[in-house]
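# Geometric and topological summary
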Amino acid sequence: MSLTIEETVSMMEAMPEDERMKVKEYAQFLFTSKKPANPFVSLTEDQILATLAESRRQIANGEGIPAEEVMSEIGKEFGFI
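Here goes a summary of the coordinates provided. What you see is a predicted model, and the numbers here were worked out from it, not measured in a lab.

Let us now look at the pattern of salt bridges. The full count for this structure, using the stated rule, is four salt bridges. A salt bridge links Glu 17 to Arg 20; its shortest N-O distance comes to 2.5 Å. Taken together, the positions of Glu 17 and Arg 20, both in helix α2 (residues 17–32) and three residues apart, correspond to about one turn of that helix. Between Arg 57 and Glu 54 there is a salt bridge whose closest N-O contact spans 2.7 Å. Here Glu 54 and Arg 57 lie together in helix α3 (residues 45–60), a separation of three residues that amounts to about one turn. What you see here is one network of salt bridges that share partners, running through Glu 54, Arg 57 and Glu 63.

Here it is as structure tokens:
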């Protein structure tokens, strides 16, 4: 089930205050957790630059796949093309 932002806000407004606080705390946890499974893990500038350097090396060596090719394959796989 997918809710619109308006539906989500309406649902939050109807919740008791203690339940809203639980939602707020959980959302904060998702964005601040340092666990590797968290998709929002912070990276240092050095980590970002190292990843960029590795990506550039792969592209220079012909190891990359053109974005158009990747998108085409994803589109075929999920029935968009």
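In this section: α3. Taking 1.5 Å as the rise per residue, α3 with 16 residues should run 22 Å; its terminal C-alpha atoms sit 22 Å apart, in good agreement. Looking one or two residues past α3, Gly 62 carries a phi angle of roughly 75°, positive in sign.

Our focus in this paragraph is a nonpolar patch on the surface. Together, Ile 65, Val 70, Met 71, Ile 74, Phe 78, Phe 80 and Ile 81 make up an exposed nonpolar region whose accessible area comes to about 790 Å². Looking at where Met 71 falls in the secondary structure, it is placed in helix α4 (residues 67–77).

Checked against the element boundaries, Met 15 lands in the loop between α1 (5–14) and α2. Relative accessible area serves as the criterion here: at 22%, Met 15 is assigned to the partly exposed category. Taking the C-alpha atoms as reference points, Met 15 and Ile 65, separated by 50 residues in sequence, lie 48 Å from one another. Those residues within four positions of Met 15 in sequence are excluded, and the remaining contacts are Arg 20 and Val 23.

Cut-offs and rules
- Residues numbered from 1 in each chain as written.
- Predicted model: local features only at pLDDT ≥ 70, side-chain atom pairs only at ≥ 80, totals over all residues.
- Heavy atoms only, no water.
- Salt bridge = Lys/Arg side-chain N within 4 Å of Asp/Glu carboxyl O.
- Helix = DSSP H or I, 4+ residues; strand = E, 2+ residues; numbered from the N terminus.
- Expected span 1.5 Å × (residues − 1).
- Patch = residues over 30% accessible without salt bridge, like charges linked within 9 Å, V, L, I, M, F, W, Y side chains within 5 Å.
- Areas by Shrake-Rupley, 256 points an atom, 1.4 Å probe, with all protein chains shown as cover.
- Buried < 20%, exposed > 50% of the residue type's maximum accessible area, 1.4 Å probe, protein only.
- Contact = heavy atoms within 4.5 Å.

The analysis is restricted to geometry; functional conclusions fall outside its scope.
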